[in-house]
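Structural overview for review
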Amino acid sequence: MVYALKIENLVKKYDTGTVAVDGISMSIPKGTFFGFLGPNGAGKSTMIHCTTGIATPTEGKITVFGFDVVKDYREARKRIGLSPQEYNVDIFATPNRILDWVGGFYGMRKKDRRERITYLLDRFNLTKHADKQFKALSGGLKRRLMLARAMVHDPDLLILDEPTAGIDVELRHELWDFLRELHKEGKTIILTSHYLEEVELLCERIAIINNGKIVSDKPKEEYLKDGGKLESMYLSLTKSDTDN
């Protein structure tokens with residue numbers, strides 16, 4: 001089986017002594033729409049950072065389509081498109097400039113970059129905003145641009161960290177439809193979200209992390225059997241001992 005992402009006994013300990021991720025393992029087959037849930041501070045972002053090279057694992061191994069994210073960083077990273085929760089862009093740059101820079105970073109030729117950028121600007125209804133500064137865009141347009149930026153180099157694995165946070169219902173549904181299209185085309189998608197109904201609707205498999213450990217990882221149907229709800233299972237698995 002081809003795994004888009006394979007994590008083996010990942011540990012991430014920071015200099016402060018905080019253990020953000022404590023020996024987690026996951027294997028996500030190619031083409032999976034995967035939901036990754038957990039409370040703030042549970043370890044979701046740390047796992048993403050270790051996968052994308054923002055942070056270095058303390059122990060364990062991560063591979064992306066077979067490429068080690070530390071030893072084969074370039075090969076692994078170019079197969080990932082990351083849409084982060086935070087807006088980590090030059091606020092004075094335009095969508096055109098932001099997308100062009102990313103395409104250049106991944107070694108795309110100018111002609112190919114232009115064609116791809118034109119397609120993405122149109123697909124996300126950003127064409128008429130292409131030369132506006134990022135700081136002048138609405139929250140919804142910024143989210144669209146973050147997703148477009150993640151897709152410039154046409155990666156095989158998309159990691160979407162709260163991609164619909166702070167946007168209106170109409171745009172959220174538009175993005176859902178687009179993500180479904182990408183999944184049908186064979187893209188592997190990892191989605192983190194605090195909107196549990198979003199994960200329940202889109203994902204086929206869901207893992208829950210709490211206190212740096214994976215507390216559940218199974219097909220969506222397992223969470224919903226016997227009329228159950230993902231929210232109920234999530235709250236049960238992430239409830240702190242101090243809440244009892």
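Above this text sits the structure in question.
Residues numbered from 1 in each chain as written. Predicted model: local features only at pLDDT ≥ 70, side-chain atom pairs only at ≥ 80, totals over all residues. Heavy atoms only, no water.

**With respect to the side chain of Thr164**
Position of Thr164 among the secondary structure elements: in the loop between β7 (157-161) and α6 (169-184). Among the polar contacts listed, one links the side chain of Thr164 to the side chain of Glu198, at a separation of 2.6 Å. In this structure, Thr164 is in contact with Arg172, Leu175, Trp176, Tyr195 and Glu198, ignoring residues within four places of it in sequence. (Helix = DSSP H or I, 4+ residues; strand = E, 2+ residues; numbered from the N terminus. Polar contact = N/O pair within 3.5 Å; in protein donor to acceptor, adjacent residues only side chain to side chain. Contact = heavy atoms within 4.5 Å.)

**Let's talk about the sheet that holds strand β6 (residues 80-83)**
With mixed pairing, 6 strands are arranged side by side in an open sheet as β6-β7-β8-β3-β9-β10. Every interior strand has two partners, whereas the edge strands, β6 and β10 (213-219), have only one. On average, adjacent strands in this sheet sit at an angle of 15 degrees to one another, irrespective of strand direction. Pairing of β7 with strand β8 (residues 188-192) involves 5 bridges; the strand directions are parallel. For Leu160, the partnering residue across the bridge sits in β8 and is Leu191. (Pairing = 2+ DSSP bridges. Axes fitted to C-alpha atoms, helices over the stretch in contact; angles between N-to-C directions.)

**As for helix α5 (residues 139-151)**
Here α5 spans 19 Å end to end across 13 residues, near enough to the 18 Å set by a 1.5 Å rise per residue. Among the 13 residues that make up α5, 12 are buried, leaving the element largely enclosed by the rest of the structure. Those residues of α5 lying buried are Gly140, Leu141, Lys142, Arg143, Arg144, Leu145, Met146, Leu147, Ala148, Arg149, Ala150 and Met151. Residues of α5 that are buried sit in contact with β6, α3 (95-105), α4 (110-123), β7 and α6. (Expected span 1.5 Å × (residues − 1). Buried < 20%, exposed > 50% of the residue type's maximum accessible area, 1.4 Å probe, protein only.)

**Let's talk about the pattern of salt bridges**
Evaluated as defined, the whole model comprises 14 salt bridges. The salt bridge partner of Asp100 is Arg113, with a shortest N-O separation of 2.9 Å. A residue pair is termed long-range when its members are at least 10 positions apart, and Asp100 in helix α3 and Arg113 in helix α4 qualify at 13 residues. Owing to a relative accessible area of 14%, Arg113 belongs among the buried residues under this scheme. For Glu174, the salt bridge identified is with Arg144, shortest N-O distance 3.9 Å. Highlighted residues: Glu174 in helix α6 and Arg144 in helix α5, separated in sequence by 30 residues. (Salt bridge = Lys/Arg side-chain N within 4 Å of Asp/Glu carboxyl O.)

**Observations concerning the packing of aromatic side chains**
Inspection of the entire model under this criterion finds 4 aromatic pairs. A centroid spacing of 5.6 Å and a plane angle of 70 degrees characterise the contact between Tyr87 and Phe134, whose relative ring orientation is edge-to-face. Separated by 47 residues along the polypeptide, Tyr87 in the loop between β6 and α3 and Phe134 in the loop between α4 and α5 bring together distant segments of the chain. Phe134 sits in the buried class, given a relative accessible area of 2%. Lying over the aromatic face of Tyr14, Lys12 brings its terminal NZ or CZ to 5.1 Å of the ring centre. Between Arg172 and the ring centre of Tyr195, over which it is positioned, the NZ or CZ distance is 4.1 Å. (Phe/Tyr/Trp six-rings, centres within 6.5 Å; stacked < 30°, edge-to-face > 60°. Lys NZ or Arg CZ within 6 Å of the ring centre and 35° of its normal.)

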